[in-house]
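Listed below, chain by chain, are the residues.
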Amino acid sequence: MKRIWAAMAVVVVLGVAGVAGGYAVWQQTLSAPLAIEEPVLYQVPSGAGFSRVVGELEAQGVISHGWAFRLLTKLSPEELPDLRSGEYQLSPDMNGWDLLALLDSNDVVTYPLTFPEGWTFSQMRGLLAAAPKLEQRTADMSDEEVMALLGREGTDPEGWFFPDTYRYHLGMSDVDILQQSLNRMERMLEEAWAERADDLTIDSPYEALIMASLIERETGAPEERREIAGVFKRRMERGMRLQTDPTVIYGMGERYEGKISYDDLREATAYNTYVIDGLPPTPIAMPGKASLEAAVNPLPGDTLYFVARGDGSHQFSSTLREHNNAVNRYIRNRD
């Protein structure tokens, strides 16, 4: 009898040792580096379960012991990742536990998309359409349909999207980016309008948005924005037309080929500020933060004119005579 109990004890000890040894092997397997020698981009499909992901990783040669990951569901189910669809960057220095942690995170691969200050909505849509791995939901929509989809039915889209760098990941759509940009512009405009000067010639946040777009298209020199805003303000106070070339260009649309003529300056379009009084009916571009702030806080002074020097800056003048001399110096002599 004693021999039987002794034999059973040996079996139990060996069984426990075997389980312990097996558990140790399992742990060591998950702690081993991934079976890759260079970074790999892996996409978790939408709705994929853990078994499917393990099978794909094994088939792609990322992991060599899929059984160790499948055993996780039995031995340590609390360690199972909460899978999210998207792309994940896997590297050779990662082990199995690192892989599981990554798949349980929101650390998906993202891509940048930059809309420069001064771009039009048409240019923005073109960049969105060309963005790789971004779902295209608005490709066949008109501008009006896009704005309705964004909850702004009847709103002209020009100027309402904030120029900046946005990041997206696989599974996001162009609508997601448009919504972010729209919300950002509305917030930035609201903040700028709350800090406006008391003696403006513009009466609403939308007029400030229009003014900011003119400032944005007139100069790339940050230090000039408030002075240009001041010129526009004083011209409006005196009943003078704004006479800003970017509005002529915008009104010409696709006909613009790099130069404007005297005939173009006299053409009656809704945007030509050489012909119309006051502001154009809509913005002509996406203004940045500095232009929004300049539009509502113009620089005081007496200048009424400015002309491009050809180096990105402008010569400002207080009288027409000074302005004509500046035009002769920087435009006619150059031509």
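Residues numbered from 1 in each chain as written. Predicted model: local features only at pLDDT ≥ 70, side-chain atom pairs only at ≥ 80, totals over all residues. Heavy atoms only, no water.

What follows covers the environment of S313. With respect to the helices and strands, the residue S313 is situated in the loop between β5 (305–308) and β6 (314–317). The class of S313 is buried, set by a relative accessible area of 12%. The spatial distance from the C-alpha of S313 to the C-alpha of E56 is 58 Å, given a sequence separation of 257 residues. With residues up to four places along the chain from it excluded, the contact list for S313 reads E224, V307 and A308. (Helix = DSSP H or I, 4+ residues; strand = E, 2+ residues; numbered from the N terminus. Buried < 20%, exposed > 50% of the residue type's maximum accessible area, 1.4 Å probe, protein only. Contact = heavy atoms within 4.5 Å.)

Our next topic: the nonpolar core. Counting residues in hydrophobic clusters, the biggest one holds 52 residues, and the most contacted among them are F161, I177 and L292. The set of elements that each furnish at least two residues to this core consists of β3 (110–114), α6 (121–130), α7 (143–149), β4 (165–169), α8 (174–194), α9 (205–218), α10 (225–237) and α13 (289–296). Not counting the four nearest positions on each side in its chain, I177 is found in contact with L113, F115, L128, L134, Y166, R167, Y168 and M172. Counting 24 residues, the second largest nonpolar core, distinct from the first, contains V53, L90, M94 and L102. (Core = buried A, V, L, I, M, F, W, Y, C linked by side-chain atoms within 4.5 Å.)

Strand β2 (residues 86–90) sits mainly inside the fold: four of its five residues count as buried. In this structure, strand β1 (residues 40–44) lies alongside β2, joined through five bridges in antiparallel fashion. Residue pairing in the sheet places Q43 in a bridge with E87 of β2. (Pairing = 2+ DSSP bridges.)

Any two packed helices are characterised by the angle at which their axes cross and by the distance between the axes. It is the contact of α10 with α13, at a shortest axis distance of 8 Å, that shows an interaxial angle of 40 degrees. The orientation of α10 with respect to α13, classified from their angle, is oblique. Judged by the twist between their axes, the crossing of α10 over α13 is right-handed. Here α10 contributes R225, R226 and A229 to the contact with α13, which in turn contributes A290, S291, A294 and A295. When grouped by side-chain class, the residues that make up the contact of α10 with α13 number four nonpolar, one polar and two charged. (Axes fitted to C-alpha atoms, helices over the stretch in contact; angles between N-to-C directions. Parallel < 35°, antiparallel > 145°, perpendicular 65-115°, else oblique. Left-handed = near helix turned anticlockwise from the far one by under 90°. Nonpolar A, V, L, I, M, F, W, Y, C, P; charged D, E, K, R; others polar.)

Attention shifts here to the packing of aromatic side chains. The way to describe two aromatic rings as a pair is by their centre distance and the angle between their planes. All chains considered together, the criterion is met by seven aromatic pairs. A ring pair is formed by F115 and Y166, whose centres lie 6.0 Å apart and whose planes are at 50 degrees; its orientation type is tilted. Taken together, the positions of F115 in the loop between β3 and α6 and Y166 in strand β4 put the pair 51 residues apart, joining distant regions of the chain. Here F115 matches Y166 in class, with each residue buried. Judged by centre distance (4.8 Å) and plane angle (65 degrees), the ring pair of Y250 and Y271 falls under edge-to-face. Placement of the pair is Y250 in helix α11 (residues 245–252) and Y271 in the loop between α12 (262–266) and α13, with a sequence separation of 21 residues. (Phe/Tyr/Trp six-rings, centres within 6.5 Å; stacked < 30°, edge-to-face > 60°.)

Under the 1.5 Å per step criterion, the end-to-end length of α10 is 18 Å for 13 residues, consistent within 8% with the ideal 18 Å. Of the positions making up α10, those classed as buried are R225, I228, A229, G230, V231, F232, K233, R234 and R235. On its buried face, α10 sits against α9, α13, β5 and β6. Positioned one or two residues after α10, G239 has a phi angle of 75 degrees, which is positive. (Expected span 1.5 Å × (residues − 1).)

With that out of the way, let us pick up the environment of I63. Assignment of secondary structure puts I63 in the loop between α2 (50–59) and α3 (66–70). Residue I63 is classed as buried on the basis of its relative accessible area of 5%. Once residues within four sequence positions are removed from consideration, I63 is found in contact with L34, A35, V54, L57, E58, F69 and L99.

Next up on the list: the pairing of β5. As paired strands, β5 and β6 are joined by four bridges and run antiparallel to one another. The partner of F306 across the bridge, within β6, is F316. Connecting the antiparallel pair β5 and β6 is a turn made up of five residues, with G310 showing a positive phi of about 100 degrees.

What follows deals with α6. All buried positions along α6 are accounted for by F121, M124, R125 and L128. Buried positions in α6, seen along its axis, are confined to an arc of 95 degrees and lie on one side of it. Facing away from the buried side of α6 by over 90 degrees, the exposed positions are S122 and A130. Buried residues along α6 sit in contact with β3, α7 and α8. (Arc of directions from axis to C-beta.)

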